Amino acid sequence: MAIALYYALGTGLGGAIGPLLFGRLIETREAGAVAFGYHLGGSLMIVAGLVEVLLGVEAAGRSLEEVAHPLSAEEVEAAARPSEETRVTSRGATRSGFSLFQQASSYPGTDAERAEEVRRIVDAVGDERLSRREIATRVRGDTWGPGRFGTALRTAIAEGLLEKVGRVRYALTPRARRRARQPHE
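Please read all numbers here as calculations on a predicted model, not as lab measurements.

What counts and what doesn't
Residues numbered from 1 in each chain as written. Predicted model: local features only at pLDDT ≥ 70, side-chain atom pairs only at ≥ 80, totals over all residues. Heavy atoms only, no water. Helix = DSSP H or I, 4+ residues; strand = E, 2+ residues; numbered from the N terminus. Contact = heavy atoms within 4.5 Å. Areas by Shrake-Rupley, 256 points an atom, 1.4 Å probe, with all protein chains shown as cover. Pairing = 2+ DSSP bridges. Buried < 20%, exposed > 50% of the residue type's maximum accessible area, 1.4 Å probe, protein only. UniProt positions renumbered as here; feature names shortened; annotations may be inferred. Axes fitted to C-alpha atoms, helices over the stretch in contact; angles between N-to-C directions. Parallel < 35°, antiparallel > 145°, perpendicular 65-115°, else oblique. Left-handed = near helix turned anticlockwise from the far one by under 90°. Nonpolar A, V, L, I, M, F, W, Y, C, P; charged D, E, K, R; others polar. Phe/Tyr/Trp six-rings, centres within 6.5 Å; stacked < 30°, edge-to-face > 60°. Patch = residues over 30% accessible without salt bridge, like charges linked within 9 Å, V, L, I, M, F, W, Y side chains within 5 Å. Salt bridge = Lys/Arg side-chain N within 4 Å of Asp/Glu carboxyl O.

## Details of the overall build of the chain
Along the backbone of the chain there are nine helices and three strands. Within the chain, residue pairs in contact and separated by at least 24 positions form 50% of the contacts whose partners lie at least 6 positions apart. Counting every atom, the chain has about 13,000 Å² of accessible surface; 60% of that belongs to carbon and sulfur.

## Some words on the pairing of strand β3 (residues 169-172)
By the bridge criterion, two bridges tie strand β1 (residues 130-131) to β3 in an arrangement that is antiparallel. Following the sheet pairing, Leu130 is matched in β3 by Tyr170. One ladder, built from three bridges, connects strand β2 (residues 162-164) with β3; its direction is antiparallel. The residue bridging Lys164 from the neighbouring strand is Tyr170, located in β3. Between β2 and the antiparallel strand that follows it, β3, lie four residues.

## Some thoughts on helix α8 (residues 148-158)
Burial analysis of α8 places 10 of its 11 residues in the buried class, the great majority of the element. The set of residues buried in α8 consists of Phe149, Gly150, Thr151, Ala152, Leu153, Arg154, Thr155, Ala156, Ile157 and Ala158. Directly beyond the C-terminal end of α8, a positive phi value near 80° is found at Gly160.

## Overview of the UniProt feature "transmembrane region" (unreviewed entry) in the chain
Feature annotation in UniProt assigns "transmembrane region" (unreviewed entry) to the following positions: residues 6-26 and 38-57. Within the segment residues 6-26, helix and strand shares are 100% and 0% respectively, and the terminal C-alpha atoms sit 29 Å apart. Taken as a whole, residues 38-57 contains 90% helix and 0% strand, while its terminal C-alpha atoms sit 29 Å from one another.

## Details of the packing of helix α7 (residues 132-139) against α8
When two helices pack together, you describe them by how their axes are tilted relative to each other and by the distance separating the axes. Across the interface, α7 lies against α8 with an axial gap of 11 Å and an inter-helix angle of 115°. The orientation of α7 relative to α8 falls into the category roughly perpendicular. The two elements α7 and α8 cross, and the hand of that crossing is right-handed. Between α7 and α8, the residues in contact are Arg132, Ile135, Ala136 and Val139 and Phe149, Gly150 and Leu153, respectively. Of the residues belonging to the contact of α7 with α8, the class tally is five nonpolar, one polar and one charged.

## A look at the packing of aromatic side chains
Aromatic ring pairs: the centre-centre distance and the angle between the two ring planes describe each pair. Within the structure shown, the criterion is met by two aromatic pairs. The interplanar angle of 55° and the centroid separation of 5.3 Å between the aromatic rings of Phe22 and Tyr38 together place this pair among those described as tilted. With a gap of 16 residues between them, Phe22 in helix α1 (residues 2-27) and Tyr38 in helix α2 (residues 31-55) connect regions that are remote in the sequence. Note on Phe22: relative accessible area 25%, which makes it partly exposed. Between Trp144 and Phe149, the ring centres sit 5.9 Å apart and the planes meet at 55°, which makes this aromatic pair tilted. Of the residues examined, Trp144 reaches a relative accessible area of 14% and is grouped as buried. Using a relative accessible area of 8% as the deciding quantity, one classes Phe149 as buried.

## Topic: a nonpolar patch on the surface
A cluster of nonpolar residues, Val47, Val51, Val53, Leu54 and Leu55, forms a patch on the protein surface that exposes about 540 Å² of accessible area. Within the secondary structure layout, Val53 lies in helix α2. Judged by its relative accessible area of 62%, Val53 falls in the exposed class.

## Some details on the pattern of salt bridges
Counted according to the given criterion, the structure contains six salt bridges. Here Glu116 ties to Arg119 by a salt bridge, and the two come within 2.5 Å at their closest N and O atoms. In this pair, Glu116 and Arg119 are both assigned in helix α6 (residues 112-125), three residues apart and thus about one turn of the helix distant. On the basis of relative accessible area, Glu116 is assigned to the partly exposed category, the value being 35%.

Structure follows, in structure tokens:
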């Protein structure tokens, strides 16, 4: 939402001010005035580049959730402390709970593919504290299809198998550690 807001404001300001400013500068019929406009635009671009170099985050090939932890995910994590027989809803496994198709707004926690993906994530974490990217690399989550890794990760948190142990680190919960020590059925 913040990205969209700043993009809209920047585009609106630049789209409105740029043509007006250059129109006025061209009306003066002075080459120096137009050159000033170009120098001003170039200076603003240099400042923007410096801000990106100083504050920018490498985001190439990464999802938005990897770059910045969603604020709504903290609400979901705080509210999602389910019992053993909890049905995982889209509210617990996704950020907004919104779906265009009503039948897709919730799904049973026993989905075989998702259960396997959650198991793979839990096995990959083991006794370590890993970032989302490290987990995704270990389970090859980028090959699962759009949104599948993120949904499986949120499901593991909602089911009480994983917990955040820092700003971007995940670890097994004590319950998941006990379960991991038992042989797979």
